[in-house]
Amino acid sequence: MTTDSHANETQRTRNKRGLIVLIALAVLTVVEFFVAIWFEGVLQLTLLGVSAVLKALLIAHYFMHWRQVLDHIPDIAAGDADVVED
Amino acid sequence: MAMTDLIHADLHERYGTKAYSSLTMHRLGLWLFIISDAFFFTALISSRYFVSGTDRPDALIQELGLALTAVLLLSSLSAYRSEVAASHGDTEGAKRWIMITIIAGFVFLGGVVFEWYEAFHDFPPGSGFGTTFFTLTGIHTTHVISGIILLAFVYRRAAKGEYGPGHYWGVEGAAKYWHFVDLAWVFIYPTLYLVGESVEMGAHG
C-alpha cells in the first residue's frame, strides 16, 4: 500500500504546485542562458553552478519527494529497520 | 488494530527495531540507484573539463540545446502530473500524462539525433570536445530510452486499471526515474552548451 504525504491535498492544488515549480525552472534556465552570454571566467562558472544546483533541488524536493526517504535514513543506516509487507 | 500495526509493535518489542513498509524500501532502493547513477554522471561531467577545458565549439546549436532543455522540463511536469493523477485514482489522467511524457521523450530523442548529425561534421567523436559531448549525450540518451520503455510498461498497466489510490508505486517509481533523467540534464546542459567561451574548433578541437 502506498502511503502518500500529500493525501489530504487536492489534485488541483498539487498540479498548481507542479506548474509553479516548472515556471521557476524555466526562469532559472533563461537566467543561465544569459549568464553564459554576459559573464565569463570563474564568475560565469559559479553562477551556472549555483543555478544548476537550485534547479536540481527544486526537482528533487518537489518532483522526486526526497524527504520521503531522507527522514528514514538514520534508522536504516544504523540497521534499526525491519521491512513489513503491506 | 491492523495486522501491520501488530507486526510493527511485535518487532519493536522483540528487537528494538522500527518497522518500515516495503514501499519505503522500494523508494530507498530507487534512491540508492539514483545516487549511484548520479556519481557516474558526475564523473562524466568532470571529464569534460579535464579533456577539453572550458572552451566550447561555436558550431554548437544553442537554440537546440535550449529547446531540448525546455522539452525535458515540460516532460518532468507531465511525469509529476501522472503520479498525482494516479495517487488520486484518476486513471485516465495518469494515462494521458504518461503518454505525454513518452511523446516528449521521443521529441527529445529526435533533437539529440539531429544534434549528433550536425556534430559529426563539426566536432567528431575523435576530437577532444566531441569525445565528451558524444559520451555525455550518449549515456544520457540511453537513460531517456530506458525511461521511455519503463513509462510504456507503466502505461500498459495503467490501461489495465492496475493503479489506484494507495497503490501506484509503478507510476511513482517511473516518474521518479524520469525526473532523475531531467535532473541529470540540468547539469549536462550548462556543461556542454553554456560554460566557457565559444571558439572555433577543428576536427581535433
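Here the structure is a predicted model, which means the values were calculated and not measured.

### So, the overall build of chain A
Counting its secondary structure elements, chain A contains 4 helices and 1 strand. Along chain A, from the amino end to the carboxyl end, the secondary structure elements read α-α-α-α-β. When the 86 residues of chain A are sorted by exposure, 23% land in the buried category.

### So, helix H5 (residues 128-159) of chain B
Residues and elements named next belong to chain B. With 32 residues, H5 extends 47 Å between its outermost C-alpha atoms, agreeing within 8% with the 46 Å of an ideal straight helix rising 1.5 Å per residue. The complete set of buried residues in H5 reads Phe 129, Gly 130, Thr 132, Phe 133, Leu 136, His 140, Val 144, Gly 147, Leu 151, Val 154, Tyr 155 and Ala 158. Next to the buried residues of H5 lie helix H2 (22-52), strand E2 (56-57), helix H4 (91-122) and helix H6 (169-194). Gly 161 sits one or two positions beyond H5 and adopts a positive phi of about 75°.

### Thoughts on the confidence of the model for chain A
Regions with low pLDDT should not have their predicted coordinates read in detail. When pLDDT is averaged along chain A, the result is 85, and 84% of the positions lie at 70 or above. Here strand E1 (residues 81-84) of chain A stands out as the least confident element of chain A, with mean pLDDT 66; helix H2 (residues 41-63) of chain A is the most confident, with 96.

### Things to note about unusual backbone geometry
If you check the backbone angles, His65(A) has positive phi at about 50° while not being a glycine. By the secondary structure assignment, His65(A) is in the loop between H2 and helix H3 (67-70).

### A look at the packing of H2(A) against H6(B)
A pair of packed helices is captured by two measures, namely the crossing angle of their axes and the spacing between those axes. H6(B) packs onto H2(A) with a crossing angle of 170° between their chain directions and a minimal axis gap of 9 Å. Taken together, the axes of H2(A) and H6(B) are roughly antiparallel relative to one another. In contact with Leu48(A), Ala52(A), Lys55(A), Ala56(A), Ile59(A), Ala60(A) and Phe63(A) of H2(A), H6(B) contributes His179(B), Asp182(B), Leu183(B), Val186(B), Phe187(B), Pro190(B) and Leu194(B). A breakdown of the residues in the contact of H2(A) with H6(B) according to their chemical character gives 11 nonpolar, 1 polar and 2 charged.

Each value, and the rule that gives it
- Residues numbered from 1 in each chain as written.
- Chains lettered and ligands numbered in written order.
- Predicted model: local features only at pLDDT ≥ 70, side-chain atom pairs only at ≥ 80, totals over all residues.
- Helix = DSSP H or I, 4+ residues; strand = E, 2+ residues; numbered from the N terminus.
- Buried ≥ 20, exposed ≤ 12 C-beta atoms within 10 Å, placed from the backbone.
- Expected span 1.5 Å × (residues − 1).
- Contact = placed C-beta atoms within 7 Å.
- pLDDT = per-residue confidence, 0-100.
- Axes fitted to C-alpha atoms, helices over the stretch in contact; angles between N-to-C directions.
- Parallel < 35°, antiparallel > 145°, perpendicular 65-115°, else oblique.
- Nonpolar A, V, L, I, M, F, W, Y, C, P; charged D, E, K, R; others polar.

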